[in-house]
Amino acid sequence: MVGETNLDELLKSMSARLIDGVYVFVTLQNTQAIDGLRPRMSFQEAEGTTLIVLRDEAEAHGLAYEFPCRMITLEIHSSLEAVGFLARITTALAKRDMGVNPVSGFYHDHLFVPEGKEDDALKVLAELAS
């Protein structure tokens, strides 16, 4: 399953889908596990494990969190070797004074944008695709 690598094709063919829920970033000690916590993403770092979880889950488990955000999935199978795709997107969002935390999955790229800025981000993405 090879994803798309052509930057122009990626941009013109992508659509963006807003995912339900507000997500947050939490960190746990490397050996800590919490039953019932369903992270959208986890990444092992030297200082601990970073998780992206729904805010409701973090609060239900009493976890401290940062960066309440909305998740936008880019609906195109981009190659993990694609050059410039996320750079073009993050630059366009930065020009609108919007921080973003991008995450690449095997099939799609996902953007975590500040809560309350999701509509602005979707407009920027639609402009890039047109």
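Here goes a summary of the coordinates provided. Because the structure is predicted, anything quoted here is derived from the model rather than measured.

Some words on helix α4 (residues 118–129)
In an α-helix there are 3.6 residues to a turn, and that puts residues three or four apart on one side.
Here comes step 1: If you check α4, its first and last C-alpha atoms are 16 Å apart, about what 12 residues at 1.5 Å a residue would give, namely 16 Å.
Here comes step 2: Buried residues of α4: Glu118, Ala121, Val124 and Leu125, and no others. When α4 is viewed along its axis, its buried side chains cluster within an angular range of 120° and face the same direction.
Here comes step 3: Contacts from the buried residues of α4 go to β1 (16–18), β5 (66–74), α3 (85–95) and β7 (109–114).

Thoughts on the nonpolar core
Here comes step 1: Core analysis: the biggest nonpolar cluster contains 17 residues, and Met14, Leu74, Phe85, Ile89, Leu93 and Leu111 have the highest contact counts within it.
Here comes step 2: Breaking this core down by element, the ones donating at least two residues are α1 (7–13), β5, α3, β7 and α4.
Here comes step 3: Sort the elements by how many residues they give to this core and α3 lands first, with 4 residues.
Here comes step 4: Residues within four places of Leu74 in sequence aside, it is in contact with Met14, Ser15, Ala16, Phe85, Leu86, Ile89, His108, Asp109, Leu111 and Leu125.
Here comes step 5: Ile19, Met41, Ile52 and Val103 belong to the second largest nonpolar core, which has 9 residues in total.

Section: the side chain of Thr50
Here comes step 1: Among the structural elements, Thr50 can be located in strand β4 (residues 48–54).
Here comes step 2: When its relative accessible area of 15% is taken as the criterion, Thr50 is described as buried.
Here comes step 3: Of the polar contacts made by the side chain of Thr50, one reaches the side chain of Glu45; its length is 2.5 Å.
Here comes step 4: Setting aside its immediate chain neighbours within four residues, Thr50 contacts Phe25, Val26, Thr27, Met41, Ser42, Phe43 and Glu45.

Remarks on the packing of aromatic side chains
Here comes step 1: Applying the stated criterion to the full structure yields 4 aromatic pairs.
Here comes step 2: Between Tyr23 and Phe112 the ring centres are 5.9 Å apart and the planes differ by 75°, which places this aromatic pair in the edge-to-face class. Of this pair, Tyr23 sits in strand β2 (residues 23–28) while Phe112 sits in strand β7, and the two are 89 residues apart along the sequence.
Here comes step 3: On the basis of relative accessible area, Tyr23 is assigned to the buried category, the value being 5%.
Here comes step 4: Taking 6.1 Å as the distance between ring centres and 85° as the angle between the ring planes, the aromatic pair formed by Phe25 and Phe112 counts as edge-to-face. Placement of Phe25 in strand β2 and of Phe112 in strand β7 is noted, with a sequence separation of 87 residues between them.

Section: α3
Here comes step 1: Looking at α3, one finds that the buried residues are Phe85, Ile89, Ala92 and Leu93. Buried residues along α3 cover an arc of 95° about the axis, so they all sit on one side.
Here comes step 2: Backbone geometry just after α3 places Asp97 at a positive phi near 60°.

Here is what the cut-offs are and how they apply
Residues numbered from 1 in each chain as written. Predicted model: local features only at pLDDT ≥ 70, side-chain atom pairs only at ≥ 80, totals over all residues. Heavy atoms only, no water. Helix = DSSP H or I, 4+ residues; strand = E, 2+ residues; numbered from the N terminus. Expected span 1.5 Å × (residues − 1). Buried < 20%, exposed > 50% of the residue type's maximum accessible area, 1.4 Å probe, protein only. Arc of directions from axis to C-beta. Contact = heavy atoms within 4.5 Å. Core = buried A, V, L, I, M, F, W, Y, C linked by side-chain atoms within 4.5 Å. Polar contact = N/O pair within 3.5 Å; in protein donor to acceptor, adjacent residues only side chain to side chain. Phe/Tyr/Trp six-rings, centres within 6.5 Å; stacked < 30°, edge-to-face > 60°.

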